[in-house]
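Spelled out from the first residue to the last, the chains are:
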Amino acid sequence: MITVKFFASLREQVGKGEIQLDVAEPLSVAQVWAQACDNAPLPSHILMAVNMEYSDQNRLVDAGDEVAFFPPVTGG
Amino acid sequence: MITVKFFASLREQVGKGEIQLDVAEPLSVAQVWAQACDNAPLPSHILMAVNMEYSDQNRLVDAGDEVAFFPPVTGG
Amino acid sequence: MKVEVTPNEFNPWTSLQVYEDSLVAGKCGAVATFVGTMRDEGETVQGMFLEHYPGMTENYLLSISDTALQRWDILDTLIIHRVGNMLPGDTIVLVAAWAAHRAPAFEACRFLIEELKSKAPFWKRESLDEGERWLK
Amino acid sequence: MKVEVTPNEFNPWTSLQVYEDSLVAGKCGAVATFVGTMRDEGETVQGMFLEHYPGMTENYLLSISDTALQRWDILDTLIIHRVGNMLPGDTIVLVAAWAAHRAPAFEACRFLIEELKSKAPFWKRESLDEGERWLK
């Protein structure tokens, strides 16, 4: 299973905060997005993290990994 | 009268903290130094102020003015 | 070095006092700090909610603290960031860098807040009269 | 805006709290501060005496505060500087700049401490085991 998380305005847009994806083989982060979001296009400004570190959409992930998608940050 | 003040290590070197100079006409700050310090040469690193504002040695001062000489500052 | 992400209101000056009490007195000649506060925009913004990514946010703040400690000649750092619901006037963030001298303290403090603002996973949502709005 | 030259020991965080209590809450989104402390150099330096030029020192600190308020988009400044006898670990100086945003707060704070260090009439004399020494 891959854990997929969405935060802030993106969580509200996709309508889910966290899902689990069953995977048979490694997927790119972009493929994780596609599977998690019914093949919706990946918005260009969205940030991605794998296991809590920033990543790009080409990184491969596998069962046990955590992938997160979120909008630009606005803290501080 | 011109009030002449010396601060910190310079005060200890010249052996006086404050003196009054009787003046008959305007003097430059350099002339004030010379009169106050028995014509000793004005050390090159010494800072000068007239009426509590930084000055150079050519500025003219007169009765009622306050002239100060002090070493480079080391606060903060 | 300390990083704290807290849902509780905090006073930045008290937090600095408490943290300094844990340091060896007299070692640091200089500390530069930055405090960010929720501004009061008048009637329109009643409050704010700050979301974060538990785990990644703390990791990210620890990693920029490590980077600052390696890159500048500083002795310690402190970051405290509020999350959850807050009101105008509340402290959002405190960043501090201790050093023997002022230049590295300033530079590291500025680095920490700039990295935090540009990349730490926090998101602000304002509560307005007409509803709620995520900041961009 | 406030400038204070004091022979009394002061706690910088308490002083910041007290000064902020006098400001309109929620107006400033950002405050950058710098605190300089007398370092403990071990056994060799027992204490320090800080001389100033009463009148000119305060005028100078007021003039750089005015300059900062004109040059940057900041809302308020605070400078407190200790004079007289002090001990290792004591706070020497506190500088703070309040603003709506962080960049001018940082820049004004840095400006104030750099101008203070380079031109404000203060002189430090250390008390050593072997006597006293003016810092250069």
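Analysis parameters
- Residues numbered from 1 in each chain as written.
- Chains lettered and ligands numbered in written order.
- Predicted model: local features only at pLDDT ≥ 70, side-chain atom pairs only at ≥ 80, totals over all residues.
- Heavy atoms only, no water.
- Helix = DSSP H or I, 4+ residues; strand = E, 2+ residues; numbered from the N terminus.
- Contact = heavy atoms within 4.5 Å.
- Buried area = accessible area lost by both parts, 1.4 Å probe.
- Salt bridge = Lys/Arg side-chain N within 4 Å of Asp/Glu carboxyl O.
- Least-squares fit on C-alpha atoms with pLDDT ≥ 70 in both.
- Polar contact = N/O pair within 3.5 Å; in protein donor to acceptor, adjacent residues only side chain to side chain.
- Nonpolar A, V, L, I, M, F, W, Y, C, P; charged D, E, K, R; others polar.
- Pairing = 2+ DSSP bridges.
- Axes fitted to C-alpha atoms, helices over the stretch in contact; angles between N-to-C directions.
- Parallel < 35°, antiparallel > 145°, perpendicular 65-115°, else oblique.
- Buried < 20%, exposed > 50% of the residue type's maximum accessible area, 1.4 Å probe, protein only.

Looking at the environment of W13 of chain D
In step 1: Relative to the helices and strands, W13 of chain D is located in helix α1 (residues 12-21).
In step 2: Put simply, W13 of chain D and A100 of chain D are 87 residues apart on the chain and 21 Å apart in space, counted from C-alpha to C-alpha.
In step 3: Those residues in contact with W13 of chain D that sit more than four places away from it in its chain are W13, L16, Q17, E20, V31 and T33 of chain C together with T33 and V35 of chain D.

Quick look at the interface of chain B and chain D
In step 1: Across the boundary between the two partners, chain B contributes 19 residues, which contact 24 residues of chain D.
In step 2: The largest contributions to the chain B side of the interface with chain D come from M52, T74 and G76 of chain B, which together make up 39% of the buried area.
In step 3: One can count 2 salt bridges joining chain B with chain D.
In step 4: A salt bridge links E51 of chain D to R11 of chain B, with the nearest nitrogen and oxygen atoms 2.1 Å apart.
In step 5: Mapped by element, the contributors of at least two residues to the side of chain B that touches chain D are α1 (8-14), β5 (53-55) and β7 (66-70) of chain B.

Here's the deal with the relation of the copies chain C and chain D
In step 1: Screw-axis analysis of chain C against chain D gives a translation of 0.0 Å along the axis, an RMSD of 0.0 Å, and a rotation angle of 180°. Here the two chains are linked by the operation of a two-fold rotation axis.
In step 2: Take the interface residues of chain C: 100% of them recur as interface residues in chain D, which is what a same-surface contact looks like.

Things to note about the interface of chain C and chain D
In step 1: Of the residues lining the interface, 32 residues belong to chain C; the matching set on chain D comes to 32 residues.
In step 2: Buried surface at the junction of chain C and chain D, both sides included, amounts to about 2800 Å², of which 55% is carbon and sulfur.
In step 3: Three residues stand out in chain C for area buried against chain D, namely W13, R102 and F106 of chain C, and they jointly supply 28% of the buried area on that side.
In step 4: Counting across the interface, chain C meets chain D through 2 salt bridges.
In step 5: As a salt-bridge pair, E114 of chain D and R102 of chain C come within 2.8 Å of each other at their nearest N and O atoms.
In step 6: Where chain C meets chain D, there are 11 residue pairs in polar contact (both at pLDDT 80 or more).
In step 7: Ranked by residue count, the leading element in the side of chain C that touches chain D is helix α3 (residues 102-119) of chain C, at 9 residues.
In step 8: Counted by class, the side of chain C that touches chain D contains 14 nonpolar, 9 polar and 9 charged residues.
In step 9: Summarising the sheet, strand β2 (residues 30-37) of chain C and strand β2 (residues 30-37) of chain D pair through 7 bridges and their orientation is antiparallel. Counterpart to V31 of chain C in the pairing with β2 of chain D is V35 of chain D.

A few points about the sheet that holds strand β1 (residues 2-6) of chain D
In step 1: Here we have 8 strands laid out as an open sheet, ordered β1(C)-β4(C)-β6(C)-β2(C)-β2(D)-β6(D)-β4(D)-β1(D), and mixed in their pairing. On the outer flanks of this sheet lie β1 (2-6) of chain C together with β1 of chain D, each paired with one strand and no other. Recorded for the sheet is a direction-independent mean angle of 5° between the axes of neighbouring strands.
In step 2: Across 5 bridges, β1 of chain C lies against strand β4 (residues 74-82) of chain C in parallel orientation. What sits directly across from V3 of chain C, in β4 of chain C, is I79 of chain C.
In step 3: Across the sheet, helix α2 (residues 56-71) of chain C touches β1 and β4 of chain C, and the angle it forms with β4 of chain C is around 155°.
In step 4: Packing of α3 of chain C onto the sheet brings it into contact with β2, β4 and β6 (91-99) of chain C together with β2 of chain D, and relative to β6 of chain C it is tilted by some 150°.

Description of the packing of helix α1 (residues 12-21) of chain C against α1 of chain D
In step 1: Packing of α1 of chain C against α1 of chain D brings their axes to within 9 Å, and their N-to-C directions diverge by 175°. When the axis of α1 of chain C is compared with that of α1 of chain D, the two are roughly antiparallel. On the side of α1 of chain C, the interface is formed by W13, L16, Q17 and E20 of chain C, while α1 of chain D contributes W13, L16, Q17 and E20 of chain D.

What about unusual backbone geometry?
Residue and element names in this part refer to chain A.
In step 1: Positive phi values are uncommon outside glycine, yet D38 reaches one of about 50°.
In step 2: Position of D38 among the secondary structure elements: in the loop between α2 (29-36) and β4 (47-50).
In step 3: The backbone of N51 shows a phi angle near 50°, a positive value even though the residue is not glycine.
In step 4: Its location among the elements puts N51 in the loop between β4 and β5 (53-55).
In step 5: Owing to a relative accessible area of 37%, N51 belongs among the partly exposed residues under this scheme.

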